[in-house]
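Examining the three-dimensional arrangement
Okay, here's what each chain looks like letter by letter:
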Protein chains: 2
Amino acid sequence: MNNPHFEQYFATMKEKVEVQLPNVVDQLSAPSKLKESMLYSLTAGGKRLRPLLIFATLKAFQKNEEIGIGAACAVEMIHTYSLIHDDLPSMDNDDLRRGKPTNHKVFGEAVAILAGDALLTNSFQMITQHKHPDVSAEMKLKLVTELAIAAGTEGMVGGQIADLEGENQQLSLEELEYIHLHKTGALLQFCVKAGAILSNASECQVYQLEEFSKHIGLAFQIQDDILDIEGTEEKLGKPIGSDTTNEKTTYPALLGMTKAKEKLTYHIDQALHALYEANIDHDMLEQLCLYIANREN
Amino acid sequence: MNNPHFEQYFATMKEKVEVQLPNVVDQLSAPSKLKESMLYSLTAGGKRLRPLLIFATLKAFQKNEEIGIGAACAVEMIHTYSLIHDDLPSMDNDDLRRGKPTNHKVFGEAVAILAGDALLTNSFQMITQHKHPDVSAEMKLKLVTELAIAAGTEGMVGGQIADLEGENQQLSLEELEYIHLHKTGALLQFCVKAGAILSNASECQVYQLEEFSKHIGLAFQIQDDILDIEGTEEKLGKPIGSDTTNEKTTYPALLGMTKAKEKLTYHIDQALHALYEANIDHDMLEQLCLYIANREN
């Protein structure tokens with residue numbers, strides 16, 4: 001992202017969520033170790049891409065981004081819980097995340113599992129308890145439903161299981177896409193949908209935005225796979241080559257690097273095409289889409 | 001429970017939930033191993049005490065129990081997830097639950113963690129997607145909020161962390177009560193509150209029912225501790241004496257068996273007192289309260 005105008009906008013919105021997230025946990029009455037463990041991962045940085053997608057979608061409909069702050073915190077809490085559980089010894093068994101020891105390395109497995117459970121559980125209350133005159137009870141109910149679908153059995157967790165089952169196996173492109181559309185894509189799709197729900201988008205706009213978010217979800221993952229080979233440990237905050245170590249099927253492994261990069265370009269093109277069709281003020285969403293394709297971490 | 005009228009009522013309501021729960025999972029589109037793991041624990045039997053508390057509260061307000069079926073499934077899914085995660089090697093490391101191998105023993109740790117995550121996530125959608133003309137959007141929002149509070153950081157998960165931290169330590173009665181009011185009590189309290197929300201109970205009635213449910217939560221745990229010493233493996237479906245093995249502080253260990261039993265009687269008396277003050281049709285709730293005190297598993 002090389003345009004100072006966009007950079008400033010995203011920095012401001014990122015700041016908004018990063019100020020809010022620790023407050024959410026600080027206000028809870030609970031044993032300090034649980035709160036410390038939740039905060040450790042919640043404040044460990046990261047791109048905050050999911051909240052930014054919500055805000056950028058609201059901006060596309062010329063809505064006040066304030067109405068999305070509840071959903072933004074909720075989705076970041078769910079993303080954080082999924083990273084904590086993913087890193088566990090019985091899952092990916094990762095020691096480093098964003099350049100820091102993973103949650104279970106610091107707090108132990110039991111606390112890490114429970115901190116994840118707590119972040120997941122309390123995320124729903126971020127949506128229901130967020131107060132804004134433009135956010136109706138019906139909107140909140142839709143958000144809770146969509147978030148549960150995106151994060152649960154039919155979404156992220158389903159993708160995670162498929163990912164585990166696919167380890168040490170040669171997957172087809174179809175199987176690989178199933179994994180990523182669910183494991184990573186579902187939550188990204190939720191973000192754009194949440195923005196659309198809060199903006200009372202038309203059915204046609206929701207359809208185009210669903211197409212947009214499906215393609216950026218796949219693009220995100222292809223770039224992830226590329227970075228695991230061509231990235232640097234310094235910028236990624238974790239060792240490169242971990243997909244090979246974990247014997248995971250990746251786009252470059254399946255298609256070769258050249259075709260994987262073509263696939264990335266294809267999904268970005270498709271995403272932008274759908275976005276332009278939605279007939280909204282698309283600048284910020286367009287920037288996020290290009291950022292996803294060109295990011296270095 | 002020796003009265004055939006009550007027995008019949010609870011058997012019918014239990015059946016309602018037990019028919020509904022597998023349907024919820026069957027209808028989901030997800031990898032079969034995830035659904036199998038979720039169903040394994042969800043259909044493993046159990047008392048279904050939490051759904052029964054919701055139904056009995058609705059009956060006390062002469063409401064149609066149908067309006068509580070969404071919340072009943074939700075709370076049973078959350079209870080089930082909590083058992084799966086509690087049994088994990090890094091937590092209580094239990095091999096048996098209700099006479100059957102625990103979830104991770106059958107499906108492995110990774111799948112067990114994810115099945116728990118999925119049950120927790122999808123539980124919220126049970127509430128928002130339940131359709132009944134007498135259940136308003138506002139009621140559903142309150143239920144989601146209360147369930148997240150009861151199951152999350154300030155409720156069940158907070159209690160579970162306190163329980164872990166209290167292992168191998170001599171706890172005070174106050175610390176022991178904190179653990180149980182949160183780990184077990186919070187979800188039981190939610191059930192009674194859910195019935196009250198769905199019945200438009202008065203503030204005064206909600207207060208009395210909160211007192212009622214707080215005391216039955218503690219009574220439930222004291223009886224649990226007593227059964228771990230005086231129960232039989234056959235009826236419990238798990239080895240007795242596990243609290244001693246896990247070096248957990250229990251009511252009998254802290255107070256002696258006689259005083260622990262007096263404490264049980266005290267909480268049952270207090271619960272019934274609050275219940276009678278609520279001025280509702282209390283028969284079924286009274287029966288559940290007595291059942292909690294006298295149960296053998």
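The shown structure was predicted, so the numbers you read here are calculated from the model rather than taken from an experiment. Along each chain, numbering runs from 1 in the same order as the chain's sequence is written. For this description, chains carry letters from A and ligands carry numbers from 1, given in the order in which they are written. Confidence filtering applies because this is a predicted model: local features only for residues at pLDDT of at least 70, side-chain atom pairs given and counted only at 80 or more, and all residues used for totals across whole chains, interfaces and linings. For the side-chain quantities, the full set of heavy atoms in the structure was used; hydrogens and water were omitted.

1. Some words on the interface of chain A and chain B
Contacts between the two partners involve 47 residues from chain A, matched on the other side by 47 residues from chain B. In short, buried area is how much 1.4 Å probe accessible area vanishes from two parts on joining, totalled over both. Taken over both partners, the interface formed by chain A and chain B buries close to 4,000 Å², and the fraction arising from carbon and sulfur atoms is 72%. Here, a salt bridge means any Lys or Arg side-chain nitrogen found within 4 Å of an Asp or Glu carboxyl oxygen. Note that Glu165 of chain A is salt-bridged to Lys33 of chain B, the shortest N-O span being 3.8 Å. The definition of a polar contact used here is a pair of N or O atoms within 3.5 Å, where within protein one atom must be able to donate a hydrogen and the other to accept one, and adjacent residues in sequence count solely through side-chain atom pairs. Between chain A and chain B we count eight residue pairs in polar contact (both at pLDDT 80 or more) in total. Whether two residues touch is decided by their heavy atoms; if any such pair falls within 4.5 Å, the residues are in contact.

2. Observations regarding the packing of aromatic side chains
Any Phe, Tyr or Trp ring, taking Trp's six-membered ring, that has another such ring centre within 6.5 Å forms a pair; planes under 30 degrees apart are called stacked, those over 60 apart edge-to-face, and the others tilted. Counted by the stated rule, this structure contains five aromatic pairs over all chains. Put simply, a charge is over a ring when the Lys NZ or the Arg CZ is close to the ring centre, within 6 Å, and near the line of the ring normal, within 35 degrees. Above the face of the Tyr40 of chain A ring, Lys100 of chain A is positioned so that its terminal group lies 4.2 Å from the ring centre. When the ring centre of Phe220 of chain B is taken as reference, the NZ or CZ atom of Arg50 of chain B above it lies at 6.0 Å.

3. Quick look at the nonpolar core
Note on terminology: a nonpolar core comprises buried Ala, Val, Leu, Ile, Met, Phe, Trp, Tyr and Cys residues joined through side-chain atoms within 4.5 Å. Working definition: with a 1.4 Å probe on protein chains only, accessible area under 20% of the residue-type maximum means buried, over 50% means exposed, and in between means partly exposed. The biggest cluster of nonpolar side chains holds 202 residues, and the ones touching the most others in it are Phe212 of chain A together with Phe212 of chain B. Setting aside residues up to four positions removed in sequence, Phe212 of chain B forms contacts with Val192, Ala271, Ala274, Leu275, Leu285 and Cys289 of chain B.

4. Quick look at the pattern of salt bridges
As enumerated under the stated definition, the model contains 32 salt bridges over all chains in all. One salt bridge in this structure joins Lys105 of chain B and Asp95 of chain B, with 3.8 Å as the shortest N-O distance. Within this pair, whereas Lys105 of chain B is found in helix α5 (residues 103–107), its partner Asp95 of chain B is found in the loop between α4 (69–86) and β1 (96–97), the two being separated by 10 residues in sequence. A network of salt bridges, in which partner residues are shared, links Asp86, Asp92, Asp163, Glu167, Lys183 and Lys248 of chain A. The helix count covers DSSP runs of H or I at least four residues long, the strand count covers runs of E at least two residues long, and both are numbered beginning at the N terminus.

5. Thoughts on the side chain of Gln205 of chain A
All names here are of chain A. Within the fold, Gln205 resides in helix α10 (residues 203–230). Note on Gln205: relative accessible area 17%, which makes it buried. What Gln205 contacts, discounting residues up to four positions off in sequence, is Phe61, Ala278, Asn279 and Ile280.

6. Considering unusual backbone geometry
One non-glycine residue with positive phi stands out, namely Asn93 of chain A, at about 50 degrees. Turning to its location among the elements, Asn93 of chain A is positioned in the loop between α4 (69–87) and β1 (96–97).

7. Some details on helix α9 (residues 173–198) of chain A
Residues and elements named next belong to chain A. Bend angle per residue: angle between axes fitted to the 7 residues ending at that residue and the 7 residues starting there. In the structure, α9 departs most strongly from a straight axis at Gly185, where the bend amounts to approximately 55 degrees. In terms of burial, α9 is a largely internal element, 19 of the 26 residues being buried. Looking one or two places after α9, you find Asn200, whose phi comes out positive at around 50 degrees.

8. Digging into the relation of the copies chain A and chain B
Two copies of the chain are present, and they differ by a rotation about an axis and a shift along that axis. When the copies are superposed, the least-squares fit draws on C-alpha atoms of residues that have pLDDT of at least 70 in both. Between the two copies, chain A and chain B, the superposition gives an RMSD of 0.0 Å; the rotation angle is 180 degrees and the shift along the axis is 0.0 Å. Within this description, the copies of the chain are treated as partners about a two-fold rotation axis. Taking C-alpha positions as the reference, the residue of chain A nearest the rotation axis is Ala137 of chain A, at 3.0 Å. Comparing interface residues between copies, 100% of those in chain A also lie at the interface in chain B; the contact surface is shared.

9. Some thoughts on the environment of Glu165 of chain B
Within the secondary structure layout, Glu165 of chain B lies in helix α8 (residues 156–166). By relative accessible area, which is 35% here, Glu165 of chain B ends up partly exposed. Ignoring anything within four residues of it in the chain, the contact list for Glu165 of chain B reads Pro31 and Lys33 of chain A.

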